[in-house]
Amino acid sequence: MFRRRVSRTDHAPSGESPDPRIAPGDIGRLSRPLSGEALARRRTLDGAPVEPPRTLRDDPGTRRQRIDAFDGALAAFDRSFPGAGGGGGGGDGGGGAEPPRRKRPLRWYLRWAMRGLGILIVLLVIAIAWLALTAPLSKSLEPPAPPSITLLSAEGKPIAERGANIGKPVDAAKLPAHVTEAFMAIEDRRFRTHWGVDPRGIARALWTNTAAGGVRQGASTITQQLAKNAFLDSDRTAARKLREVMIAFWLEAWLTKGEILSRYLSNAYFGDNAYGLDAAARHYFSRAPKDLTVGQAAMLAGLVKAPSRLAPTDNLKGARARQKVVVGAMEAAGYLTPAEADRVQPAVLRVGGTRTLPSGTYFADWVLPQARDRAGGIGADRKVTTTLEVKMQRAAERAVRNAGLKQTQVAIVAMRPDGRVIAMVGGKDYRASPFNRAVQARRQPGSTFKLFVYLAALRSGLDPDSDVLDEPVTIGEWSPKNSDGRYQGTISLTRAFQRSSNVAAARLTKEVGVKNVIRAARDLGISTPIANEASIALGTSTVSLLELTSAYAAIAAGEAPVVPRGLAEEQEPSWLDKLRSSRKSLGKHELEGMRTLLAASIRHGTGSAANLPVEAFGKTGTTQDSRDALFIGYAGGIVAGVWLGNDDNTPNPGLAGGGLPARIWRDFMRQALDLRAPEPVVAEPEPIDNAIDAVQEALGIPDEGPVTMEGPGFDVSLDRDGQVRFNPREERRRENDGPPPPEDRRAPEDEGEQ
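### Notes on the overall build of the chain
For the chain, the helix and strand inventory stands at 26 helices and 17 strands. With 754 residues in all, the chain has 43% of them scored as buried. Total accessible area on the chain stands at roughly 40,800 Å², and carbon and sulfur atoms take up 53% of it.

Structure, rendered in structure tokens:
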């Protein structure tokens, strides 16, 4: 701190008293009490006799003296400088005046300026490194849209294409001048001269927007728009704008103006799902970008501002008005002479058929999220193989058309027993209603839910020949009834399932327990909520057709649960995957029992309208007031489910699972399995099940001919085949005397179910 040690006599002239200022060395000696050898050495140098070393602790009085001496010496040292307060000597100031403040030299400011500049350079280097890592230049070539995915059938044929219409990259240097000039005139007139940001454009936009009281004009350059489209989101925040400016500077530093313009034109969105100038030119005008006229180029340049609102396929008037604005901007920028501008005509659309595949189908909508996960991120187009089989899909669509439906909606799901979905119809017309009733709708399954009731009964030890009482029953406050009002007393499980007895299913649910029925449904893959009450036996809890069909597929496969899937497996599952699989084989007793019941239902029961000339299994289902009607079954390695109903859940008088749904299922299966039309199957009815037999037995009429009732002037007769005749009495007498009784014919069963 001090360059030279100053003694008390350094500045005192001869004959004058010594300078009262204290030398710094004296302060050191006073502030550091010496002891031991150091103290002896100091005293020897000062000529003092050497005494035994002592510490301050040896003599409290000495310690106090040294402290007082130090305080006095320090105060005298402070007063020795000019301007120090206090009396006594040598100071120029006095009276406690503050010392004058010194001005900071220029080099102090320069030093801090250099430090600030260094910090800015470091931050710039960090920003450039961050941009290099998070925003590679290659990303400016990618359009801000998901990749196009082409879905392939199981046979490898394209069935649907989903994604943006992305054109090929364009080279601005190879385009006609009027094409690039149209974009620069309306979007960035000083593109060739600025460094990514246009200060004049910002000032002009600020003035215009302030005068208009709102945002009327933008100031983003073409470089900034490329930065936003390729690297940023559309948030209107100051932080996003700052990042946009930084990336714009970065792009200008690393790319030429031609490269920036080329990437901008290849990247911009032009509405109607067209990304890039190439896609827009071919979509709207059916020509390449190099062949665009001035009017066409002006229209496309005008779309960039509001592509969704100005897309000429939806708003031709607005697009043409915007075209005029662009032509005016080209004239103002000097790209067109007034005469050339006047000759530009409104562009005429020639929308090209750029898409030959459907962009949406019921199956494609369902499988697309899985396909995107498999395809990966943004990049080139992807092709994903699905499980859909073209022949099966056509058969399902044909079966729907042949049904001649009017108001009623329909859904079909067909799959292999392992869960591969091979056909899907979610409604009568996808274009009219893309809502997928096969997957998204949750409807009551009706008697198709009895599959789980009887499975629980078989698990409890019963078999298809076990007896169950088909008589009215009351469970709590619930009293189910058979839809046809007929009860047969004690019958077998096969007979109860065949005729879809509601009361028998309710009794079985009560006996085996509601929880066991729910457990059976869960084991077969039903995941939707199921009420903990006995009424679930009649299908009161909602479920999707896809999930319900998968449950029936478990019976066909012999193991459960069967998970429906729409994508082909990329490779065979390993033994470890099979070991970790949740699928378990069904017991032999329950599996054979359920197959016996399902076969009886389709051969001689409520599902006889769906019968095929091959071994088939199935079950009908009809909900209250015929709001829903279903048939689900399998044959020949195909499991299919059919649902009919109204979207508003209104009743459909006369609709039943054993009617139109069963016939649609049969029509689909015949085409899918290449079967000929089956021969009519006449079920062998029991006498009591025939309505004529029941009437004759009740009235005690011999089983020899038709039942005849006399009326006023005519007789009404009901033959055994169900035919009603009105005969005059005279004709009846001639019949009694003449021809033999009619042939004994029996009609097939006509049993209701719910």
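### Some remarks on the pattern of salt bridges
Applying the stated criterion across every chain yields a total of 19 salt bridges. Residues D291 and K290 are paired through a salt bridge, measuring 3.4 Å at the closest nitrogen-oxygen approach. Looking at D291, the relative accessible area reads 37%, which means it is partly exposed. A relative accessible area of 54% places K290 in the exposed class.

### Quick look at the sheet that holds strand 12 (residues 617–622)
The strand order across the open sheet formed by five strands is 7-6-14-13-12, and the pairing between neighbours is antiparallel. Both edges of this open sheet fall to strand 7 (421–425) and strand 12, since each of them pairs with a single strand only. Shown here is a sheet whose adjacent strand axes are inclined to one another by a mean of 5°, direction ignored. In the sheet, strand 13 (residues 628–635) pairs with strand 14 (residues 638–645) via eight bridges, with the strands oriented antiparallel. Paired with G633 across the two strands is A640, which belongs to strand 14. Against the sheet, helix 16 (residues 390–403) touches strand 6 (409–415), strand 7 and strand 14, its axis set at about 25° to strand 7. The strands touched by helix 24 (residues 660–672) are strand 6, strand 12, strand 13 and strand 14; relative to strand 14, the strand with the most contacts, the crossing angle is about 145°.

### Some remarks on the side chain of D667
Note that D667 resides in helix 24. Only 3.1 Å separates the side chain of D667 from the side chain of Q671, close enough to count as a polar contact.

### Some points on the packing of aromatic side chains
One pass over the full model with this rule turns up eight aromatic pairs. Directly above the aromatic system of W112 lies the positively charged group of R115, at a separation of 4.4 Å from the ring centroid.

### Some points on the packing of helix 17 (residues 450–459) against helix 20 (residues 514–523)
The interhelical angle for the contact between helix 17 and helix 20, taken along N-to-C directions, is 110°, at an axis separation of 8 Å. Taken together, the axes of helix 17 and helix 20 are roughly perpendicular relative to one another. Two secondary-structure elements touch here, helix 17 through F452, V453, L455, A456 and R459 and helix 20 through N516, V517, R519, A520, A521 and D523. The residue makeup of the contact of helix 17 with helix 20, split by class, is seven nonpolar, one polar and three charged.

### Some words on the nonpolar core
Grouped together as the largest cluster of nonpolar side chains are 77 residues, with contacts concentrated most on L151, F452, Y454, L524 and I555. Tallying contributions element by element places helix 21 (residues 545–557) first for this core, with nine residues. Setting aside residues no more than four positions away along its own chain, L151 makes contact with K157, P158, I159, A160, A364, V367, A371, V384 and T386. Within the second largest apolar cluster, 49 residues are counted, among which are L175, A227, L277 and V344.

### Regarding the sheet that holds strand 5 (residues 382–385)
The pairing of strands in a sheet comes from backbone hydrogen bonds and takes either a parallel or an antiparallel form. Strand order in the open sheet formed by three strands is 2-1-5, with mixed pairing between adjacent strands. On the outer flanks of this sheet lie strand 2 (158–162) and strand 5, each paired with one strand and no other. In this sheet, neighbouring strand axes are inclined to one another by 25° on average, regardless of whether the strands run parallel or antiparallel. As paired strands, strand 1 (residues 149–152) and strand 5 are joined by four bridges and run parallel to one another. Paired with L152 across the strands is T385, a residue of strand 5.

### Brief notes about unusual backbone geometry
Look at the link from A560 to P561: it is a cis peptide, with omega at -5°. The residue P561 is located in the loop between strand 10 (559–560) and helix 22 (575–580) in this model. Its identity is not glycine, yet D272 carries a phi of approximately 55°, on the positive side. Within the secondary structure, D272 is located in the loop between helix 9 (257–267) and strand 4 (274–275).

Rules of the game
- Residues numbered from 1 in each chain as written.
- Predicted model: local features only at pLDDT ≥ 70, side-chain atom pairs only at ≥ 80, totals over all residues.
- Heavy atoms only, no water.
- Helix = DSSP H or I, 4+ residues; strand = E, 2+ residues; numbered from the N terminus.
- Buried < 20%, exposed > 50% of the residue type's maximum accessible area, 1.4 Å probe, protein only.
- Areas by Shrake-Rupley, 256 points an atom, 1.4 Å probe, with all protein chains shown as cover.
- Salt bridge = Lys/Arg side-chain N within 4 Å of Asp/Glu carboxyl O.
- Pairing = 2+ DSSP bridges.
- Axes fitted to C-alpha atoms, helices over the stretch in contact; angles between N-to-C directions.
- Contact = heavy atoms within 4.5 Å.
- Polar contact = N/O pair within 3.5 Å; in protein donor to acceptor, adjacent residues only side chain to side chain.
- Phe/Tyr/Trp six-rings, centres within 6.5 Å; stacked < 30°, edge-to-face > 60°.
- Lys NZ or Arg CZ within 6 Å of the ring centre and 35° of its normal.
- Parallel < 35°, antiparallel > 145°, perpendicular 65-115°, else oblique.
- Nonpolar A, V, L, I, M, F, W, Y, C, P; charged D, E, K, R; others polar.
- Core = buried A, V, L, I, M, F, W, Y, C linked by side-chain atoms within 4.5 Å.

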